[in-house]
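Topology and contacts: notes
Now for the letters of each chain:
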Amino acid sequence: MIIAERKPLAEIIEMVQDCTKILVLACRGCVTVCSAGGEREAEILASLIRLGLKKAGKHAEVFDASLVRQCDKEYIEEIDQFKGQYDAIVSTACGVGVNFIANLRPQDNVFPALNTTFLGGSAEQGVWTEQCAGCGDCVLHFTGGLCPVARCAKSLMNGPCGGSVDGRCEIHPEVDCVWQMIYDRMGRLQRQEELTASAPIRDWSTARHGGPRKQVRGDLTVE
Amino acid sequence: MSFTPDIRLFSCHYTSQQSCADQGRELQQVHFPENVKMTRVVCTGKLEEITLLKAFEDGADGVYVVGCPPDGCHNVKGSQRAAKRVQAVRSALGELGVEKDRIKMFFLQRGLHPEFVDVAQEMTEQITALGPSPF
């Protein structure tokens, strides 16, 4: 899922300091699961915005609502039910949600309440770790299912590097060296010899290096 | 300037169970501050951050939560969960430039012990010193 965290309150309040009617809009997708921007967090943020603006001597009507997701057109259209009730939307969705609102609501001010941090999973309650870089050319079949692009600090394709010490990364000593993990895991799977094969030169154009990405599936399009 | 702080207490059902004794008159007899408005909850672990924030929105100058000792909670981890939520609100108050000590967590034994009154008086003194809520 997409992992995110709330921006500093001062930053959010500065965004909306001149607004008088504010809709804090939650997303019931990924950011609900990672407890950053679901209904509970939006309700809390709405309260904090009211308190922050009041402390600054300003008054605003701040209310909260939620959408099933903010990354699909049909759900964005549900914002219409609040027409006239807000002069700014503070979205607690990931950056995708904020972009979708901006794309589909050209007349609306929309501000991000979150910093979108990475694609990851829940390591334990309250702890999330990055697991995927969305690079567009998955190599997990070569590496036993462990991603060197996302989980190696240097995104090496032929690790471990000389900075791997006792199975830990030299950049983040608290982080396991993913290449050590890959070798250990491939050994357990009796596939370690696969790691001796020469890998083709990687084409990074599928990652962000090729600019904004788009995916079209003709079998799903309506036309 | 004379100032009597509006303080909201959210107390564990068990910790405050004797506060209702004799229709609350027992609390008065032991000098429980009248400016502290108590809400009893089934377990402090049930408290949400929004409930604590709404107390400030509602005009509270200070808020505190009283739960079971961490190693003696009737619901095992209820008071520990409450403490984390109080901490979250303390952090938020800090972000807003407001004194974090306007909200506190206390762990007390069950029943109406002198400490139950002591922390109410302590909060009253501290919030009086801090002055009215900036909200």
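Not measured: the values here are computed from a predicted model. (Residues numbered from 1 in each chain as written. Chains lettered and ligands numbered in written order. Predicted model: local features only at pLDDT ≥ 70, side-chain atom pairs only at ≥ 80, totals over all residues.)

**Observations regarding helix H2 (residues 49-57) of chain B**
- Considered for burial, the residues of H2 of chain B that qualify are Glu49, Leu52, Leu53, Ala55 and Phe56 of chain B. In a view along the axis of H2 of chain B, the buried residues occupy a sector of 150 degrees, so they form one face of it.
- Taken together, the buried residues of H2 of chain B touch helix H3 (39-55) of chain A together with strand E1 (7-12), strand E3 (62-67), helix H3 (78-95) and strand E4 (103-107) of chain B.
- Two residues or fewer past H2 of chain B, Gly59 of chain B is found with a positive phi of approximately 110 degrees. (Buried ≥ 20, exposed ≤ 12 C-beta atoms within 10 Å, placed from the backbone. Helix = DSSP H or I, 4+ residues; strand = E, 2+ residues; numbered from the N terminus. Arc of directions from axis to C-beta. Contact = placed C-beta atoms within 7 Å.)

**Examining the interface of chain A and chain B**
- Listed per partner, the contact involves twelve residues of chain A and twelve residues of chain B.
- Broken down by secondary-structure element, the contributors of at least two residues to the side of chain A that touches chain B are helix H1 (9-15) and H3 of chain A.
- Of the residues forming the side of chain A that touches chain B, the biggest block, nine residues, is contributed by H3 of chain A.
- Residues belonging to the side of chain A that touches chain B are distributed by class as follows: six nonpolar, two polar and four charged. (Nonpolar A, V, L, I, M, F, W, Y, C, P; charged D, E, K, R; others polar.)

**Some words on the confidence of the model for chain B**
Residues and elements named next belong to chain B.
- The predicted model of chain B averages 91 in pLDDT, with 94% of residues at 70 or higher.
- When mean pLDDT is compared element by element in chain B, H2 scores highest at 98, while helix H1 (residues 25-29) scores lowest at 79.
- Of the two predicted TM-score estimates for the complex, the pTM is 0.94 and the ipTM is 0.93. (pLDDT = per-residue confidence, 0-100.)

**Observations regarding the sheet that holds strand E4 (residues 88-91) of chain A**
Residues and elements named next belong to chain A.
- Judged by pairing direction, the sheet is parallel, and its four strands sit side by side in the order E3-E2-E4-E5 without closing on themselves. On the outer flanks of this sheet lie strand E3 (61-67) and strand E5 (110-112), each paired with one strand and no other. Between one strand and the next, the sheet's axes are offset by a mean angle of 25 degrees, whatever the strand orientation.
- Here helix H5 (residues 95-104) sits on the sheet in contact with strand E2 (21-27), E4 and E5, set at roughly 170 degrees to E5. (Pairing = 2+ DSSP bridges. Axes fitted to C-alpha atoms, helices over the stretch in contact; angles between N-to-C directions.)

**Looking at the nonpolar core**
Residues and elements named next belong to chain A.
- By size, the foremost hydrophobic cluster in this structure holds 78 residues, and its most contacted members are Ile22, Val24, Val31 and Ile49.
- Here this core takes eight residues from H3, the largest share from any one element.
- With residues near it in sequence (within four places) discarded, Ile22 still touches Val16, Ile49, Ala60, Val62, Tyr86, Ala88 and Val90.
- Leu146, Cys169, Val178 and Trp179 belong to the second largest nonpolar core, which has ten residues in total. (Core = buried A, V, L, I, M, F, W, Y, C linked by C-beta atoms within 7 Å.)

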